[in-house]
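# An overview of the molecular structure
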Amino acid sequence: MSDREFGGNDDLSLPKATVQKIITEILHSDPGVTFAKDTRDLLIECCVEFITLISSEANEIAEKEAKKTIACEHVKAALEELDFGDYVPAVLEVAADYKKQQANREKKQTKIEQSGMTEEELIRQQQELFRSATNKFNSGPQ
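None of the values given here were measured: they were computed from a predicted structure.

### A closer look at the nonpolar core
Formed by Ile54, Ala58, Ile61, Ala78, Leu79 and Val88, the largest nonpolar core amounts to six residues. For this core, the secondary structure elements donating two or more residues are α2 (37-64) and α3 (72-81). Here the element with the most residues in this core is α2; it accounts for three residues. Judged by nonpolar contacts, the second largest core, of five residues, contains Ile23, Leu27, Ile44 and Val48.

Structure, rendered in structure tokens:
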């Protein structure tokens, strides 16, 4: 499958700086090796093609199951279907780590919770603010 099958969107890419950082980390263990910029760009194109291929297959699998959201199991099935089954354990490990991070993430507090006031206190304060605003409005211009 090529970009032509997906509308030929030339805007699809990965951040060059991020890819360069990954390459640098990989090559760190072999200091005498460098990576040409055109080779980096080719690698980016290959990555985009791979992502497009996997996501397209995962989408087809999800559609067959009448699902509107592509889930982890669809990506897993797509990898297996396209003979990339060797990647499945690593993908599942990353997915589990992500799920764990999301579960451990602190729940954001609402403004009401942040105020530290009870609901009754907040209602009383709101009524006082309304009374004050009404009095100010009724007193006219000063």
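From this point, the discussion proceeds with the structure in view.
### Some remarks on the packing of α3 against helix α4 (residues 88-104)
One can describe the packing of α3 onto α4 by two numbers: an axis separation of 10 Å at closest approach and a directional angle of 165 degrees. As judged from the angle between their axes, α3 and α4 are roughly antiparallel. The interaxial crossing formed by α3 with α4 has right-handed handedness. Residues Cys72, Lys76, Leu79 and Glu80 of α3 lie in contact with α4, whose contacting residues are Val88, Val91, Leu92 and Ala95.

### Brief notes about the side chain of histidine 74
Positionally, histidine 74 belongs in helix α3. One polar contact links histidine 74 to glutamate 65, side chain to side chain, over a distance of 2.9 Å. Among the polar contacts made by the side chain of histidine 74, one reaches the main-chain amide nitrogen of alanine 71 at a distance of 2.8 Å. Aside from chain neighbours lying at most four places away, what touches histidine 74 is Ala58, Ile61, Ala62, Glu65, Lys67 and Thr69.

Conventions used here
Here, residues in each chain are numbered from 1, in the same order as that chain's written sequence. Local features are withheld for residues below a pLDDT of 70 in this predicted model, meaning they are given only at 70 or higher, and side-chain atom pairs are given and counted only at 80 or more; totals for whole chains, interfaces and linings count all residues. In computing side-chain values, all of the structure's heavy atoms are included and hydrogens and water are not. To qualify as a nonpolar core, a set must consist of buried Ala, Val, Leu, Ile, Met, Phe, Trp, Tyr and Cys residues joined through side-chain atoms within 4.5 Å. Each residue is assigned to one of three classes by its accessible area relative to the maximum for its type, calculated with a 1.4 Å probe on protein chains only: buried under 20%, partly exposed between the two thresholds, exposed over 50%. Put simply, DSSP H or I for four residues or longer makes a helix, DSSP E for two residues or longer makes a strand, and each gets a number counted from the N terminus. A fitted line through C-alpha atoms represents every axis, and for helices the fit uses only the stretch in contact; the resulting angles, taken between N-to-C directions, go from 0 to 180 degrees. Geometric relationships in this document are graded by angle, where less than 35 degrees denotes roughly parallel, more than 145 denotes roughly antiparallel, 65 to 115 denotes roughly perpendicular, and other angles denote oblique. Less than a right angle of anticlockwise turn of the near helix away from the far helix marks a crossing as left-handed, whereas a clockwise turn marks it as right-handed. Any two residues having at least one pair of non-hydrogen atoms within 4.5 Å are treated as being in contact. Think of a polar contact as two N or O atoms within 3.5 Å of one another; within protein, one of them needs to be a possible hydrogen donor and the other a possible acceptor, and neighboring residues in sequence only count if both atoms come from side chains.

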